[in-house]
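Fold and contact review
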There are 8 protein chains.
Amino acid sequence: MNRAQIESLLNEVREGRTGVAEALERLRNLPFEDLGFAKVDHHRALRTGMPEVIFAESKTPAQVAAIFERMVKAGGNVLATRATREVYEAVRAREPRAEFHEMARAITMAQTEAEAGKGMVGVVCAGTSDLPIAEEAAVTARLMGNTVDLVADVGVAGIHRLLAQQETLKSARVLIVCAGMEGALPTVVGGLVNAPVIAVPTSVGYGASLGGVAALLGMLNTCAPNVCVVNIDNGFGAGCIASLINHR
Amino acid sequence: MNRAQIESLLNEVREGRTGVAEALERLRNLPFEDLGFAKVDHHRALRTGMPEVIFAESKTPAQVAAIFERMVKAGGNVLATRATREVYEAVRAREPRAEFHEMARAITMAQTEAEAGKGMVGVVCAGTSDLPIAEEAAVTARLMGNTVDLVADVGVAGIHRLLAQQETLKSARVLIVCAGMEGALPTVVGGLVNAPVIAVPTSVGYGASLGGVAALLGMLNTCAPNVCVVNIDNGFGAGCIASLINHR
Amino acid sequence: MNRAQIESLLNEVREGRTGVAEALERLRNLPFEDLGFAKVDHHRALRTGMPEVIFAESKTPAQVAAIFERMVKAGGNVLATRATREVYEAVRAREPRAEFHEMARAITMAQTEAEAGKGMVGVVCAGTSDLPIAEEAAVTARLMGNTVDLVADVGVAGIHRLLAQQETLKSARVLIVCAGMEGALPTVVGGLVNAPVIAVPTSVGYGASLGGVAALLGMLNTCAPNVCVVNIDNGFGAGCIASLINHR
Amino acid sequence: MNRAQIESLLNEVREGRTGVAEALERLRNLPFEDLGFAKVDHHRALRTGMPEVIFAESKTPAQVAAIFERMVKAGGNVLATRATREVYEAVRAREPRAEFHEMARAITMAQTEAEAGKGMVGVVCAGTSDLPIAEEAAVTARLMGNTVDLVADVGVAGIHRLLAQQETLKSARVLIVCAGMEGALPTVVGGLVNAPVIAVPTSVGYGASLGGVAALLGMLNTCAPNVCVVNIDNGFGAGCIASLINHR
Amino acid sequence: MNRAQIESLLNEVREGRTGVAEALERLRNLPFEDLGFAKVDHHRALRTGMPEVIFAESKTPAQVAAIFERMVKAGGNVLATRATREVYEAVRAREPRAEFHEMARAITMAQTEAEAGKGMVGVVCAGTSDLPIAEEAAVTARLMGNTVDLVADVGVAGIHRLLAQQETLKSARVLIVCAGMEGALPTVVGGLVNAPVIAVPTSVGYGASLGGVAALLGMLNTCAPNVCVVNIDNGFGAGCIASLINHR
Amino acid sequence: MNRAQIESLLNEVREGRTGVAEALERLRNLPFEDLGFAKVDHHRALRTGMPEVIFAESKTPAQVAAIFERMVKAGGNVLATRATREVYEAVRAREPRAEFHEMARAITMAQTEAEAGKGMVGVVCAGTSDLPIAEEAAVTARLMGNTVDLVADVGVAGIHRLLAQQETLKSARVLIVCAGMEGALPTVVGGLVNAPVIAVPTSVGYGASLGGVAALLGMLNTCAPNVCVVNIDNGFGAGCIASLINHR
Amino acid sequence: MNRAQIESLLNEVREGRTGVAEALERLRNLPFEDLGFAKVDHHRALRTGMPEVIFAESKTPAQVAAIFERMVKAGGNVLATRATREVYEAVRAREPRAEFHEMARAITMAQTEAEAGKGMVGVVCAGTSDLPIAEEAAVTARLMGNTVDLVADVGVAGIHRLLAQQETLKSARVLIVCAGMEGALPTVVGGLVNAPVIAVPTSVGYGASLGGVAALLGMLNTCAPNVCVVNIDNGFGAGCIASLINHR
Amino acid sequence: MNRAQIESLLNEVREGRTGVAEALERLRNLPFEDLGFAKVDHHRALRTGMPEVIFAESKTPAQVAAIFERMVKAGGNVLATRATREVYEAVRAREPRAEFHEMARAITMAQTEAEAGKGMVGVVCAGTSDLPIAEEAAVTARLMGNTVDLVADVGVAGIHRLLAQQETLKSARVLIVCAGMEGALPTVVGGLVNAPVIAVPTSVGYGASLGGVAALLGMLNTCAPNVCVVNIDNGFGAGCIASLINHR
């Protein structure tokens, strides 16, 4: 059923040759695939506070800058991940208000006030090597309207340092825990809190870490029932899902 | 936009309060997700000659028989794969016309005449151990309206036996080639013919065959440009896609 | 610092030989590891509505029944996963009020009224083979106080059936999506809703499914930013984390 | 036994020095390997419209240019894949009519009119990162005489954009679907059309994508029966096999 | 072009109706595939002393017995590997002269005198668990005409026991070394002798032995330049190739 | 240099024809490989307190009993691992003093007093599923003369239970820590103590635990510098090496 | 229970309103998590002689130098691993007394006299390629107060060279054995000595060595009961654990 | 028994205090490990015609040149593999007679006449990409005294080109077959000849070739019983073992 057929049906209705009930029935039986004109909902991202995102790693500075500019014009918040300072310089030349978060390797441009999350998002990591991923998660969550507390340097081989941060951990409405190597931190944190824990395996390590696969497997096999997992080094995804939970 | 809204719009058209052009525009902008009544196209399988299929391996004979009976009632052709004789007995008790293909481990029930394929589908395998998968492909293709020639016992370590079958291979409009262990047969066949070759890795082998993964990798790395691959032991899928090509 | 030392300190305080400020300081500097008497918080599970759980698969019916009985006496809700009917009979002999959920392979015993979740938990799966895992997630979430809607038979190769369920999907506060084989369902669902999606890979499949690893990898590589993942076949874990999100 | 020997044998027959029966017997015992004159079919590639191909990635610009020139002299169409602009400059210096397809990283030289395919080849991909592989498939198919429609930017996490392209998808005689990350697009497309679908996993992704292995496994485990798979990033192979199907 | 056609062509030459040049041209253009009379070398196996082989593991006793009987009738030596005593009973009922080698899980039937190898084949293994594979290699080599010395119980963790067998090792013309677990034995043996070493990884082990993959990888990474490798548990293949070397 | 040559050399010395210094030099240059008579040191196992061991899993009860009896006659301590009660009954029929450790699946026969270790060996595990491996380690260590303290039910998701056992952990001279699933326990324990920690991954888990590989990788990637690892489920090996450390 | 509550309790004790026994009981029931003031034991590393460590590989020279300087100020011994000469220059500019161990790629700064180990630590490796890892282990062990003997160039394919070093091997109190490729050396060494052996797989090799995974698997599957394993290329960890054993 | 003890024993013999028979018995019982003076057999490599080898890939030109010069001084033949032209220049500066084999990436220095092999060594490969490995094998075999025939450009997807080379293949006494991608060539060659076939998987390929692992697995799963395998890209090892077989 194409546009012409629907026009014709509407004409029949207008002229009284087809009753409303019958027209409704015919429209109702209209298969999806013939609706060439159905409207795609372009505004979903904006309404949920999720920014437009550019994965900068495999693009040239010029490409990132061009895409960034176009997205800014669309009016929403914009985020570029895995960006170097060189990429930032290219973006800033076009969008002087863009901000660079060096540790997080992220560029942000906040144009709209995102709806505030209902509680605090805790971001936890063990060592300084996991910080870029933890910061990427934090920058993402902040851009989506969340208050973020970042707790670093709390590895499982020095459990007391982690326990000393329990108050912060417990006050979070949802937690993001980043860890490489053996990937045990989310499980230990999961045992200390009642909040959902988003585990982010990082590619930090060498040898049998297999580029983060060891940490990933460790997290998937967690014995804590409040832990779920995202892809290796996916700080952005963890920030998004934590924000969604925090806005529920 | 729900049913009530559309009904109301139609009423406006009928009463002349809204013009056809405007109504058309409003329908056109209707987002997909509000079309609660869009009609799913249930008849696709029937039209394309693809049978309804039951994967019998993880089901009890009683379960297979019950599903088989219900599918037969729907009027199309029915195929149960990975079926034992015991499963067949349970099916036959309900559908006496069902046929059992022991080597293929398949039960079929042909109720409608499938449109005939345009040429011959060649099915090739190396050893007797690959025969169940080759036969599953052949049974599937036949049920979908194809003439099938099966060439067995033509492994790559005895290349002359394969070359002696070249006439058959070249007369096929599309070929299905099943092989376990090193999985080299589809590549050699691919080099002998101009037809598309559907490669089916089988789980035949031991040790470093890793349950068919070695054969699968071999086929994916083929140096013949007319070879594509399906899942390990997926004779059914190969039969389907070969039939689709043969009906083009 | 052991019990005797603390007793002695308290005596000094009582007798005025040590001031409160000084005693406080000495207690404050007390290292964790010397607190032989620190009290483990046994009541966490109860307070959060999380049931006591038995993984029945590797235990005899008698063992499960004995553990189940002991847990029931502790007063909380009890759940046994991966249980056969035979295991259930052993449990029922001791706890006649225990319920068996055959499809979910779960035994439950609800003794306390769990706090109600704030919205609906949607559980989605593609085929009948994924149902046991989906049902395990549903039974877990219900026992923890959540309303659950289960949507089955909506695979990605028949996208219209899934789209027809959009209203249900969109009304969920959090979604659990179970899928085997290629594991694409959570990504497609994630693109249709704004809620967090807990993806559960299942071991349904054969050959290159590698016991669920293919589905797991697919889910981890999702391009939907609202999807996180739990272990293969871990319906229980998905139910727990969905409940935590739904109680936030 | 070379040409001279056979000529001599025929002379003996002509002159009556050797009887037909004996000559037949001597020819009959001629093993394959001695048939110096058995005719290798050098013209297969040309007749099927398949171009001569150079995999440029591991060769120097000078090497590619030299091979390219030699192939052009042989008279058929020539294709170099995985070529940089630098490689193209070297080729153009020798063959000024050679064309560079930058996005596809391909150099082509069409000298003969390939037989036209019977329908349209649809090439589909999700994101801009998959475009080089999709373009390689498109360039290959076009060089082999096919009309190609390329549909980009239709990922499974935004299913409506894909559905909006259904008419194009359905009008293709065969489809090539490229996807990285979770690799779900071929399955969803396979569910929307009746045509054969050639799935091309791409190495787009990071972490658990394992260089495209996750996408590959997802495609092999497809639940759509009209999907087959080629190697990771093998746009060329997909173009070839689609052309073969389109010329049947 | 079949025998009749060539006969007719030769008759035309004899009768002068077709010239030699033209006949030569017609024969010359004869593609391989039309040579119905090209002689396949059916006797290769017999001449090289290689027995006909049945892989009994995945066949029923009745199937093995039937194939065994047919092969015996063909006149060569016959070997069934991976055979149980039950399989042997079925074979013996048809071929009373067949012998069972219990430890090797092999059935043999020697009908022809194999040509004697030029030296001794040494077969070495570490523990009793590797003995079935070592014995399969030994039985195979003996059936092919080789003298075999089997050295067992010489693991690398007790190097002196191995060194005490050096004289035997050094007197072998070729060595087969079977090992599971860490698979180091072939490397150590390879360092003690000048003969070629055929390494056979076995599936003996647990946990990280991954069904013999650890031993296989160890052997492939050998630092001894006289070691080559066959598939996991492939005693038969090792016996064959050792015999070939010993007959050179 | 064989026995005859050495005999001849000694005769020369006796007869004064060769001086002691020269004889010494000639013996000194004697290559290893000619020492047919070098004596293998059979008594190492006995002296180090290591028992003779039988891996019972792949043997029949009768085989284990026969080997066990022979080893007992040799006079040392004997240990059979992976033994069922049925195996034990067969052993006891021959050696009534043999003891069965049901949880550890081990049979022991202590005939000699092993030298006492210098401190306590701590054995730690998380859940009841890991107990068989932990008990195997404990039984092994005790048979080798060590005092063993076993701490069970201290998983990382309930860190307080572990901390409550710190005094025991700290009093151990060496620790064996068994864990399945994510395998994080050895790292956390390693951070609490100064003693060496032998980590034993167990095959406890499902799905992404990959039969213990996830736990193994986790332990190898430990961030605690006092942790080393043995094979999956290798409680025996851990017991041995802990005993060696404890006897230093 | 926070600081205020404890202060108040102490006041009650002082004022006689609460008895010592009751106060003790209330403190005893105090859950861990409320002890905001519990004292973390910062001095553990110093007391055990373990140096502060920097993994230099993924840091800039400036970063390493800054961290190194801060650690030196803390007073303990400092070790930087995986350091280039360029990194050393940056460190020396701030800490002129720092030493560079080129082969070990390590920088050390010894400020405190580590307690001497009780015996000798033997470090063994096969080829020159494994030397950097062996030297890293040696440098670590020396910095922690151990006497180290390094034995190089003793691969298993030339067993006599290893046997010639037996006296050294046997005089070690604990051994570190580094090997790449097939990773068999620790097993052979383990069979020659009674001491514990720490096996270090190295990433030396190519092809099927899979970056050291082959050596790692070989070592985990050792048949010597005195061998345990650390991560690939983890010379530092091996040095630490050997020192701990040598200080017991 | 140390040197002093043996000296003392010899003195007793000289002085007639100990008889020759008794002395012989005492020497005979001498355990290996006390023979500090046993002589390592340094001349094995020279006698067997195996050259001294340097793996140049991970060494600097200066290091290779230094080792090369030292080896040349030792008098045997010398081979450096994986060498660039830059490395060769460094070697030539010290040893002007050294030869560079560019395609093989090998440097050789033949100083001694190796014993001639008994037949011809055939080296076969499919494409130009496999040539460096095939040439490495050929250079190695030639240096060890073998006549080598190299057959290139005979892939399995164009089987006629391979069949046209059968005479060469059959005249080889042993064959080396190098192949990347699907690795099927050794199996097809193995089926055409009676000689032993050394299969060399190469890392040629992309995507699912997994760096040569696909070819390796294919070769290990060969259905030809005369094929054994060496490590990926190990042309040198294949040349050595082929030479050993050819010298038997």
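The name an unreviewed UniProt entry assigns to chain A is PurE domain-containing protein, from the organism Candidatus Sulfuritelmatomonas gaucii.

Scanning chain A for helices and strands turns up eleven helices and nine strands. Buried residues in chain A amount to 60% of all 248 residues. Sequence-distant contacts in chain A: of pairs separated by 6 or more residues, those separated by 24 or more amount to 68%. Surface exposure of chain A reaches about 9,000 Å², of which carbon and sulfur atoms provide 49%.

To continue, consider the interface of chain C and chain A. Every contact between the two is made by 34 residues of chain C and, on the other side, 34 residues of chain A. Carbon and sulfur atoms supply 64% of the area buried between chain C and chain A, which totals about 2,800 Å² over both sides. A per-residue breakdown of the area chain C buries against chain A is headed by C:Asn194, C:Leu220 and C:Arg248, which together make up 24% of the total. Where chain C meets chain A, there are zero salt bridges. At the level of elements, helix H3 (44-48), helix H7 (159-163), strand S7 (172-179), helix H9 (185-192), helix H10 (213-220), strand S9 (227-229) and helix H11 (235-247) of chain C are the ones that each hand at least two residues to the side of chain C that touches chain A. The element contributing the most residues to the side of chain C that touches chain A is H11(C), with six residues.

Looking now at the relation of the copies chain D and chain B. Copy one and copy two of the chain differ by a rotation about an axis and a translation along that axis. The transform that puts chain D on chain B rotates by 178 degrees and translates by 0.1 Å along the axis, for an RMSD of 0.9 Å. Taken together, the turn and the small shift mark the pair as related by a two-fold rotation axis. Judged by C-alpha distance, D:Val229 is the residue of chain D that lies nearest the rotation axis, at 2.6 Å.

Turning next to the interface of chain D and chain B. In this complex, chain D contributes 33 residues to the contact, which on the side of chain B involves 34 residues. Carbon and sulfur atoms supply 63% of the area that chain D and chain B bury against each other, a total of about 2,800 Å² over both sides. Linking chain D with chain B are zero salt bridges. Along the contact surface separating chain D from chain B lie four residue pairs in polar contact (both at pLDDT 80 or more). Broken down by element, the residue count for the side of chain D that touches chain B peaks at six residues, all from helix H11 (residues 235-247) of chain D. For the side of chain D that touches chain B, a count of residues per class yields 20 nonpolar, nine polar and four charged.

Another aspect to go through is the sheet that holds strand S4 (residues 106-109) of chain D. All names here are of chain D. In spatial order, the strands read S1-S2-S4-S3; together these four strands make up an open sheet with mixed pairing. Looking at which strands have only one partner, the edges of the open sheet turn out to be strand S1 (52-55) and strand S3 (99-101). Looking at each pair of strands side by side, their axes are set apart by 20 degrees on average, direction ignored. Two elements, strand S2 (residues 78-81) and S4, share three bridges in a ladder whose sense is antiparallel. Bridged to Val78 within S4 is Met109. Across the sheet, helix H4 (residues 61-74) touches S1, S2 and S4, and the angle it forms with S1 is around 175 degrees.

Before going further, it helps to spend a moment on the relation of the copies chain C and chain A. With an RMSD of 0.2 Å, the fit of chain C onto chain A corresponds to turning through 179 degrees and sliding 0.1 Å along the axis. In this assembly, 100% of the residues forming the interface of chain C have copies in chain A that are likewise at the interface, indicating an isologous arrangement.

Here the focus is the environment of B:Arg97. All names here are of chain B. Position of Arg97 relative to the elements: it lies in the loop between helix H5 (85-94) and strand S3 (99-101). C-alpha separation for the pair Arg97 and Ala74, spaced 23 residues apart in sequence, amounts to 16 Å. Dropping the residues within four chain positions of it, Arg97 is found in contact with Val72, Met109 and Gln111.

Moving on: H11(C). Residues and elements named next belong to chain C. Relative to the 18 Å expected for 13 residues at 1.5 Å per residue, H11 spans 18 Å between its end C-alpha atoms, a close match to the ideal helical length. Of all 13 residues in H11, twelve are buried; the element is thus mostly enclosed. For H11, the complete set of buried residues consists of Gly235, Phe236, Gly237, Ala238, Gly239, Cys240, Ile241, Ala242, Ser243, Leu244, Ile245 and Asn246.

Once the domains are mapped, chain A shows domain 1 (1-30), domain 2 (31-109) and domain 3 (121-247). If you average the C-alpha positions of domain 1 of chain A and of domain 3 of chain A, the two centres end up 56 Å apart.

Residues and elements named next belong to chain E. In the contact formed by helix H6 (residues 131-143) and helix H11 (residues 235-247), the axes pass within 7 Å of each other and the chain directions differ by 40 degrees. Crossing handedness for the pair H6 and H11: right-handed. Together, Ile133, Glu136, Ala137, Thr140 and Ala141 of H6 and Gly235, Phe236, Gly239 and Cys240 of H11 make up the contact between the two elements. Of the residues belonging to the contact of H6 with H11, the class tally is five nonpolar, three polar and one charged.

Mapping E:Thr187 onto the fold places it in helix H9 (residues 185-192). The sequence separation of E:Thr187 and E:Val227 amounts to 40 residues, and the corresponding C-alpha distance is 7.1 Å. Engagement of the side chain of E:Thr187 in a polar contact is seen with the side chain of G:Glu182, the distance being 3.4 Å.

What follows covers the sheet that holds strand S3 (residues 99-101) of chain C. Residue and element names in this part refer to chain C. Taken in spatial order, the four strands make up an open sheet running S1-S2-S4-S3, and their pairing is mixed. At either margin of the open sheet sits one strand with a lone partner, and together these are strand S1 (52-55) and S3. Neighbour-to-neighbour, the strand axes of this sheet turn through a mean angle of 20 degrees, independent of strand direction.

A full pass over the atoms with the stated rule returns 16 aromatic pairs over all chains. Note on D:Tyr88 and D:Phe100: the rings are 5.0 Å apart at their centroids and 10 degrees apart in plane angle, and the pair reads as stacked. Taken as a pair, D:Tyr88 in helix H5 (residues 85-94) and D:Phe100 in strand S3 lie far apart in primary sequence, twelve residues in all. Assessed through its relative accessible area of 16%, D:Phe100 is described here as buried. Taking the ring centre of H:Tyr206 as reference, the NZ or CZ of D:Arg82 above it sits at 4.7 Å.

All names here are of chain D. All of the buried residues in H5 are Val87, Tyr88 and Val91. Along the long axis of H5, the arc covered by the buried residues comes to 100 degrees, so they all point the same way. Those residues of H5 that are exposed and aimed more than 90 degrees away from the buried face are Glu86 and Ala93. Those residues of H5 hidden inside the fold are in contact with H4, S3 and S4.

So, how was this worked out
- Residues numbered from 1 in each chain as written.
- Chains lettered and ligands numbered in written order.
- Predicted model: local features only at pLDDT ≥ 70, side-chain atom pairs only at ≥ 80, totals over all residues.
- Heavy atoms only, no water.
- Helix = DSSP H or I, 4+ residues; strand = E, 2+ residues; numbered from the N terminus.
- Buried < 20%, exposed > 50% of the residue type's maximum accessible area, 1.4 Å probe, protein only.
- Contact = heavy atoms within 4.5 Å.
- Areas by Shrake-Rupley, 256 points an atom, 1.4 Å probe, with all protein chains shown as cover.
- Buried area = accessible area lost by both parts, 1.4 Å probe.
- Salt bridge = Lys/Arg side-chain N within 4 Å of Asp/Glu carboxyl O.
- Least-squares fit on C-alpha atoms with pLDDT ≥ 70 in both.
- Polar contact = N/O pair within 3.5 Å; in protein donor to acceptor, adjacent residues only side chain to side chain.
- Nonpolar A, V, L, I, M, F, W, Y, C, P; charged D, E, K, R; others polar.
- Pairing = 2+ DSSP bridges.
- Axes fitted to C-alpha atoms, helices over the stretch in contact; angles between N-to-C directions.
- Expected span 1.5 Å × (residues − 1).
- Domains from an automatic or database assignment.
- Left-handed = near helix turned anticlockwise from the far one by under 90°.
- Phe/Tyr/Trp six-rings, centres within 6.5 Å; stacked < 30°, edge-to-face > 60°.
- Lys NZ or Arg CZ within 6 Å of the ring centre and 35° of its normal.
- Arc of directions from axis to C-beta.

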